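What the coordinates show
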Amino acid sequence: MKIAKVEPLPIGRYLYVRITTESGLTGIGESGAWGHLEASATAIAKFGAYLVGRDARPIEHHWNVMHRSHHFTGAAITGAISAIDIALWDLKGKQLGVPVHELLGGAMRQKARLYAHVKGRTIDEQAAHVSALRKAGFTAVGHLNPLLDENIEEPYFRAHARKMRDAIRNVARLREAAGEDMDLCIEIHRRLTVPEAVTLARGIEPYHPMFFEDPLPPANPDAMAWVADHIPIPIATGERYTGLHQFQTLLARRGAQFLRPCICLCGGITGGRKIAALGEAYDAQIVPHNPLSPVSLAACLQLGAAIPNLAIQEYPSASPGADGSAVLPAHELVTGLDRPQDGFIRIPDGPGLGIELVPGIEHREPVRPRPIQMRPHVDGGVVDQ
């Protein structure tokens, strides 16, 4: 199991790593350093120089070396570590002929509940998409932004009363479209101040959202905890966290009830397993973040199969219109994933991650870098998206 090659593979708008052993076995992983994949590819190459010639099997040892060998870290670096870690688990599972979840203690479950993405720049578009996904069999929908996904180029302004009342009415409309047998995962995209977050959460309580995600920017756990202490609905956060200790700080302050680790950013399957165990100790549930490709989804599902506190899995279903599509973006890049059925997806049980990149796909999909964009406020400032 000596490593012969570590290759960053930018494909479309995603960044993968492919690790090849001297015997020709390959493992695949994905970086979640969204918007900074070029820097993450550089970090993959640097870590690859360390890994070549070494045994691929001591994953925890390699994970510690990559995290602790230099003084600094950050999303581009932890995205690279995550991609490599996922690929090493994929390799180990393939070598032993078992799915990754078997190496993590065995399966707690055979399928995972999903929440599908809903997008729309008007509440009518969002409501129609919710109705279509309900008819398609989904029991939960997310990426529901009651502040609406408006044009990023349009300067933003709303008076407080209008902003709050419109958002509350929008959640009411979404609940009407969903009925009582579909959960709503409300996604704020870090758009609110502390008082706005409290006002909005209290206003949408009658519509029983499953969780209230990222009401604030994630850097201040004390502010998030203050909001959590003053609202009647649970908070979900963590998609921008890059490691275990940020989640520990949040949980120690009772700042969230649902943790949203991005397996492709928080240290891979190794990091995700540590965060899930930490969450279990605090009675917090895990909702793995996944706006990425099916490789990321496969890694999330392998971890989700083995942990006791998986709540639900983010499923970034394509949404070209309000058609209830259950097709994943980049689905054509991989083989091995089932389609959802009745709001759940089967955990892949093939060796490793249970999926493979289509051979030669890196030569057929041009790289699509993500430019720097920020929505302007009318006063000349900027607004989180």
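For the structure, check the block above.
Basis of the calculations
- Residues numbered from 1 in each chain as written.
- Predicted model: local features only at pLDDT ≥ 70, side-chain atom pairs only at ≥ 80, totals over all residues.
- Heavy atoms only, no water.
- Helix = DSSP H or I, 4+ residues; strand = E, 2+ residues; numbered from the N terminus.
- Buried < 20%, exposed > 50% of the residue type's maximum accessible area, 1.4 Å probe, protein only.
- Contact = heavy atoms within 4.5 Å.
- Pairing = 2+ DSSP bridges.
- Axes fitted to C-alpha atoms, helices over the stretch in contact; angles between N-to-C directions.
- 1 Å grid on protein atoms, 1.4 Å probe; cavity = no way out; pocket = protein on both sides within 12 Å on 5 of 7 lines; lining within 4 Å.
- Points joined across faces, edges and corners; volume = space filled by probe spheres on them.
- Nonpolar A, V, L, I, M, F, W, Y, C, P; charged D, E, K, R; others polar.
- Parallel < 35°, antiparallel > 145°, perpendicular 65-115°, else oblique.
- Left-handed = near helix turned anticlockwise from the far one by under 90°.
- Expected span 1.5 Å × (residues − 1).
- Arc of directions from axis to C-beta.
- Salt bridge = Lys/Arg side-chain N within 4 Å of Asp/Glu carboxyl O.
- Phe/Tyr/Trp six-rings, centres within 6.5 Å; stacked < 30°, edge-to-face > 60°.

Locating Lys274 in the fold gives a position in helix 10 (residues 268–281). Overall, the relative accessible area of 25% leaves Lys274 in the partly exposed class. Ignoring anything within four residues of it in the chain, the contact list for Lys274 reads Glu60, Trp63 and Leu244.

What follows concerns unusual backbone geometry. The phi angle at His143 is positive, at roughly 60°, despite the residue not being glycine. Summarising the element assignment, His143 is placed in strand 5 (residues 140–144). Residues other than glycine seldom take positive phi values, yet Ala330 does so here, at roughly 65°. Inspection of the secondary structure assignment puts Ala330 in the loop between strand 11 (313–315) and strand 12 (334–335). Using a relative accessible area of 11% as the deciding quantity, one classes Ala330 as buried.

What follows concerns the sheet that holds strand 3 (residues 26–31). Read across the open sheet, the 3 strands follow the order 1-2-3; overall the sheet is antiparallel. Lying at the two open borders of the sheet, with one neighbouring strand each, are strand 1 (3–11) and strand 3. The average angle at which neighbouring strand axes cross in this sheet is 20°, direction not considered. Sheet topology places strand 2 (residues 14–21) next to strand 3; 6 bridges connect them, and they run antiparallel. Looking at the pairing, Val17 lines up with Gly29 of strand 3.

Our next topic: the layout of surface pockets. Taken as a whole, the largest pocket spans an internal volume of roughly 1,700 Å³. For the lining of the largest pocket, the per-class residue count stands at 15 nonpolar, 15 polar and 14 charged.

Let's shift gears to the environment of Lys111. Among the structural elements, Lys111 can be located in strand 4 (residues 111–117). Of the residues examined, Lys111 reaches a relative accessible area of 49% and is grouped as partly exposed. Residues Lys111 and Phe212, 101 residues apart in the sequence, show an inter-C-alpha distance of 25 Å. Leave out the neighbours within four places in its chain, and Lys111 touches Phe344, Ile345, Arg346 and Ile347.

In the contact formed by helix 9 (residues 244–252) and helix 10, the axes pass within 10 Å of each other and the chain directions differ by 15°. Between helix 9 and helix 10, the crossing angle belongs to the class labelled roughly parallel. With respect to the hand of their crossing, helix 9 and helix 10 are arranged in right-handed fashion. Counting all contacts with helix 9, which are made through Leu244, Phe247, Gln248 and Leu251, the residues of helix 10 involved are Lys274, Ile275, Leu278 and Gly279. Per-class residue counts for the contact of helix 9 with helix 10 are 5 nonpolar, 2 polar and 1 charged.

For helix 1 (residues 37–51), with 15 residues, the first-to-last C-alpha span of 20 Å sits near the 21 Å given by 1.5 Å per residue. All of the buried residues along helix 1 are Leu37, Ser40, Ala41, Ala43, Ile44, Phe47, Gly48, Tyr50 and Leu51. Taken down its axis, helix 1 places every buried residue within 165° of arc, on the same side. Turned more than 90 degrees away from the buried face of helix 1 sit Thr42, Lys46 and Ala49, all of them exposed.

Pairing between side chains becomes possible if they bear opposite charge and their charged atoms approach one another. Throughout the structure, instances matching the rule amount to 20 salt bridges. A salt bridge links Glu239 to Arg190; the nearest nitrogen and oxygen atoms lie 3.5 Å apart. With Glu239 in the loop between strand 8 (235–237) and helix 9 and Arg190 in the loop between strand 6 (183–187) and helix 7 (194–204), this pair connects stretches of sequence that are 49 residues apart. For the pair Glu239 and Arg190, one class covers both residues: buried. What emerges from the salt-bridge pattern is a single network uniting Glu7, Arg18 and Glu362.

With that out of the way, let us pick up the pairing of strand 4. By the criterion of burial, strand 4 is predominantly enclosed, with 6 of the 7 residues buried. One ladder, built from 3 bridges, connects strand 4 with strand 13 (residues 344–346); its direction is antiparallel. Among the inter-strand pairings, Lys111 is bridged to a residue of strand 13, identified as Arg346. Where strand 4 meets strand 11, 3 bridges bridge the pair, whose relative direction is parallel. The residue of strand 11 that forms the bridge with Ala116 is Tyr315.

For the rest of this paragraph, the subject is the packing of helix 1 against helix 3 (residues 75–96). Contact geometry of helix 1 with helix 3 gives a least axis separation of 8 Å together with a crossing angle of 55°. Between helix 1 and helix 3, the angle is such that the two are oblique. The two elements helix 1 and helix 3 cross, and the hand of that crossing is right-handed. The residues of helix 3 that touch helix 1, namely those facing Ala39, Ser40, Ala43, Ile44, Phe47 and Leu51, are Ala76, Ile77, Gly79, Ala80, Ile81, Ala83 and Ile84.

It is worth spelling out the packing of aromatic side chains at this point. When we look at a pair of aromatic rings, we describe it by the centre distance and by the angle of the planes. Tallied over the full model, the rule gives 5 aromatic pairs. Where Phe211 meets Phe258, the ring centres are 5.4 Å apart and the plane angle is 50°; that geometry is what we call tilted. Here Phe211, found in strand 7 (residues 211–213), pairs with Phe258, found in strand 9 (residues 258–259); they are 47 residues apart in sequence, far enough to count as distant. Exposure class is identical for Phe211 and Phe258. Each is buried. Here the aromatic cluster, defined as three or more aromatic residues joined through ring pairs, consists of Tyr115, Phe211 and Phe258.

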